Amino acid sequence: FICMQNEELAAQRQEIEALRGDKSNIEQHYQGQLQEMKKTMVADVQRMQEEVKKHFMQQKAENSRLQQQITTLKGEKTSLQQQILGLQRRVQEIEEHIGTD
């Protein structure tokens, strides 16, 4: 009877060791997958950060270009307004001159 119990105990110990081995293998497998996912995600995040940085730089350059155009157009507008005022004065002078003739 004791011999049978010892055999049963030995079999259960073997089963426990097999389960521990399986557990260890599973943990290693998932740990490897986790590390691979981390590497992939870090690479993806770095790539996205570089893309965002590049887009920000492009947007900054575009904003600067547009600001320069705005400044140029404002200057042209001021010049045109001055030309209009000068022409209006000339028209007024011509009208006054014609009126006195």
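Report follows, based on the coordinates. (Residues numbered from 1 in each chain as written. Predicted model: local features only at pLDDT ≥ 70, side-chain atom pairs only at ≥ 80, totals over all residues. Heavy atoms only, no water.)

## What to know about the overall build of the protein
The test is simple: Under the scheme used here, helices are H or I runs from DSSP no shorter than 4 residues and strands are E runs no shorter than 2 residues, and both carry numbers assigned from the N terminus. In this description the radius of gyration comes from C-alpha coordinates, and the expected globular size is given by 2.2 Å times residues to the power 0.38. Burial status follows relative accessibility: with a 1.4 Å probe on protein chains alone, a residue under 20% of its type maximum counts as buried, one over 50% as exposed, and anything between as partly exposed. Calculation of accessible area relied on Shrake-Rupley with a 1.4 Å probe; when residues are assessed, cover is drawn exclusively from the protein chains displayed. None of His or the chain ends enter the tally, which takes Lys and Arg as positive and Asp and Glu as negative. Charge coordinates come from a single atom per side chain, which is NZ of Lys, CZ of Arg, CG of Asp or CD of Glu.
When helices and strands are tallied, the protein shows one helix and zero strands. A globule of 101 residues ought to have a C-alpha radius of gyration of about 13 Å, yet the protein, at 43 Å, is considerably larger. Considered along the principal axes of its C-alpha atoms, the protein spans approximately 145 × 20 × 10 Å. For the protein, the residues scored as buried account for 0% of the 101 residues in total. Working note: accessible area of the protein is about 9,800 Å², and carbon and sulfur atoms make up 58% of it. Of the charged side chains in the protein, 14 are positive and 16 negative, and the gap between their average positions amounts to 6 Å.

## Details of the environment of Val 42
Examined against the element boundaries, Val 42 turns out to sit in helix α1 (residues 2–100). Between the C-alpha atom of Val 42 and that of Gly 86, which follows or precedes it by 44 residues, the distance is 66 Å.

## Notes on the pattern of salt bridges
Oppositely charged side chains can form a pair if their charged atoms are brought close together. Rules: Here a salt bridge means any side-chain nitrogen of Lys or Arg lying within 4 Å of a carboxyl oxygen belonging to Asp or Glu.
This structure, assessed with the given rule, holds six salt bridges. One salt bridge connects Glu 51 with Arg 47, and the closest N-O pair in it is separated by 3.3 Å. Note that Glu 51 and Arg 47 are positioned in helix α1 at a spacing of four residues, about one turn of the helix. Salt bridges sharing partners connect three or more residues here, namely Asp 44, Arg 47 and Glu 51.

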